[in-house]
Amino acid sequence: QGIAAVTGLLDDTTPRHLLDISDPTDLFRAVDSGIDLISASAPFVAAAASVVYTNDGPLRIADQDCADSPHLLDPDITGFSEAFLHRLDRVEPATARTIRTAHNEGFLIELAHRIRASIADDAYPRFRDEFLERYSGNQPAESGRRLQNN
């Protein structure tokens, strides 16, 4: 609501820059409010907490149930398995955090591409609603290890 109130005060020629988002769902709030440009520290902040973004919601890689998981995070972004990152966090935490950050940044970039494509295809509302329903936990996660979004 706050973003939409502020962007409503700007004329159509004024660029709209949102200085930070807290998670992938904020991309949709920004698009819905007419934001043109987004900066985000969220990928790093989440990665520092051992969290990676997935289409099924945020996943805490440090959790024990990721230790033996063969699931790939996203082959098109980093291609690493949950188990690999879980173990890497124990032996090379700085490298693991860097990979998680790169994954989270890649996830947001890919999500922005998908949002643009859905707008071009005149399918944005459906894409938004389906993504948010799945990401927010209303659809069962493949691995069943999604963080609770509170």
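Residues numbered from 1 in each chain as written. Predicted model: local features only at pLDDT ≥ 70, side-chain atom pairs only at ≥ 80, totals over all residues. Heavy atoms only, no water.

(A) Focus on the overall build of the protein chain. Of the regular secondary structure elements, the protein chain holds six helices and four strands. Ordered by position from N to C terminus, the α and β elements of the protein chain give α-β-α-β-α-β-β-α-α-α. Out of the 150 residues in the protein chain, the part that is buried amounts to 40%. When contacts within the protein chain are restricted to residue pairs at least 6 apart in sequence, long-range pairs at least 24 apart make up 50% of them. Surface exposure of the protein chain reaches about 8600 Å², of which carbon and sulfur atoms provide 52%. (Helix = DSSP H or I, 4+ residues; strand = E, 2+ residues; numbered from the N terminus. Buried < 20%, exposed > 50% of the residue type's maximum accessible area, 1.4 Å probe, protein only. Contact = heavy atoms within 4.5 Å. Areas by Shrake-Rupley, 256 points an atom, 1.4 Å probe, with all protein chains shown as cover.)

(B) Highlighting the packing of helix H5 (residues 93–120) against helix H6 (residues 124–135). Remark: H5 packs on H6, axes separated minimally by 8 Å, with the N-to-C direction vectors making an angle of 145°. For the pair formed by H5 and H6, the contact residues are Phe107, Leu111, Arg114, Ile115, Ser118 and Ile119 on the first element and Tyr124, Phe127 and Phe131 on the second. Residues that form the contact of H5 with H6 fall into these classes: seven nonpolar, one polar and one charged. (Axes fitted to C-alpha atoms, helices over the stretch in contact; angles between N-to-C directions. Nonpolar A, V, L, I, M, F, W, Y, C, P; charged D, E, K, R; others polar.)

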